[in-house]
Amino acid sequence: GVYKLSTDVLNQFLGWEQTTIIGPRSTEAYAIFHDGSRLIVSNELGLLETFNSGNTWNFTSEFSELKKIWRITESGGKIFALTDNGIYRKDNTAFVKIAVLTSSLARHMEIYQSRIWITTDSGVYASALNENIYVTTAIDMVGAMPEINVGGNVIPPTSMSIVPGANGGLFVGTDGRLFSRR
């Protein structure tokens, strides 16, 4: 489900409130994105949107494929979505597939230094250095951060995040280890 911080008890203690059920067949939520006027949530049935803090939900036809979207992010005025086997970019009114992934499981995506970075069951991948991720319609994803792997064995990353500031960068975590790009 989707929960929101209850603002009426903020001075006393923090409380979470579940929004209405997303649909008659699902309460699952994988990716959540706020575009300034609406909240967008993905689940196994597609993309849903709310304009009233989750009181009502409606399906949106922006993403036409029936795939689970694990991450939605915005960069350079474009919205990007990550599924298990592809990366999509919203061009005008609909999402267009811009990269094919050879992995069977992808979970995290960040835009860092004008490149798309993702974590998959087969390691970390990034868009090629010469790609313009905001315009190109067929982006090559290449293996990145090989130092994560041990003895030639692929170690699946478990987390990824951008930390801002002078000591920040792109951080990727595995079980027991943390790596960065600055």
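The sections below set out a description of the structure shown in this document.

Criteria and cut-off values
- Residues numbered from 1 in each chain as written.
- Predicted model: local features only at pLDDT ≥ 70, side-chain atom pairs only at ≥ 80, totals over all residues.
- Heavy atoms only, no water.
- Salt bridge = Lys/Arg side-chain N within 4 Å of Asp/Glu carboxyl O.
- Helix = DSSP H or I, 4+ residues; strand = E, 2+ residues; numbered from the N terminus.
- Pairing = 2+ DSSP bridges.
- Axes fitted to C-alpha atoms, helices over the stretch in contact; angles between N-to-C directions.
- Buried < 20%, exposed > 50% of the residue type's maximum accessible area, 1.4 Å probe, protein only.
- Polar contact = N/O pair within 3.5 Å; in protein donor to acceptor, adjacent residues only side chain to side chain.
- Contact = heavy atoms within 4.5 Å.

1. Focus on the pattern of salt bridges
Any two side chains of opposite charge can pair, on the condition that their charged atoms come close. Applying the stated criterion across every chain yields a total of 9 salt bridges. For Lys90, the salt bridge goes to Glu62, with nearest N and O atoms at 2.7 Å. In this pair, Lys90 is assigned in strand β9 (residues 86-91) and Glu62 in the loop between β6 (58-60) and β7 (71-75), connecting sequence segments 28 residues apart. Between Lys78 and Asp91 there is a salt bridge whose closest N-O contact spans 3.4 Å.

2. Regarding the sheet that holds strand β17 (residues 177-181)
As summarised here, the arrangement of the 3 strands in space is β15-β16-β17, forming an open sheet in which the pairing is antiparallel. Each having just a single partner strand, β15 (159-163) and β17 make up the two edges of the open sheet. Between one strand axis and the next, the sheet turns through 20° on average, direction left out of account.

3. A closer look at the pairing of strand β13 (residues 123-127)
Among the 5 residues of β13, 5 are classified as buried, and the element is accordingly described as predominantly covered. Sheet analysis places strand β12 (residues 115-120) next to β13, joined by 4 bridges and oriented antiparallel. Residue Trp117 lies in a different strand from β13, and its bridge partner there is Ala126. Note: β13 against strand β14 (residues 141-144), 4 bridges, orientation antiparallel. Within β14, the position partnered with Val124 by the bridge is Ala144.

4. Let's talk about unusual backbone geometry
As a rule of thumb, non-glycine residues mostly have phi less than zero, and peptide bonds are mostly trans rather than cis. Even without a glycine there, the phi angle at Gln113 is positive, about 55°. The topology assignment puts Gln113 in the loop between β11 (106-112) and β12. The exposure class of Gln113 is exposed, given its relative accessible area of 55%. In this structure, Ser114 is a non-glycine residue whose phi angle is positive, near 60°. Overall, the relative accessible area of 43% leaves Ser114 in the partly exposed class.

5. Looking at the side chain of Ser75
Structurally, Ser75 can be placed in strand β7. Of the residues examined, Ser75 reaches a relative accessible area of 14% and is grouped as buried. A distance of 2.7 Å separates a polar atom in the side chain of Ser75 from a polar atom in the side chain of Tyr134. Beyond its immediate stretch of four places on either side in the chain, Ser75 contacts Phe80, Ile111 and Tyr134.

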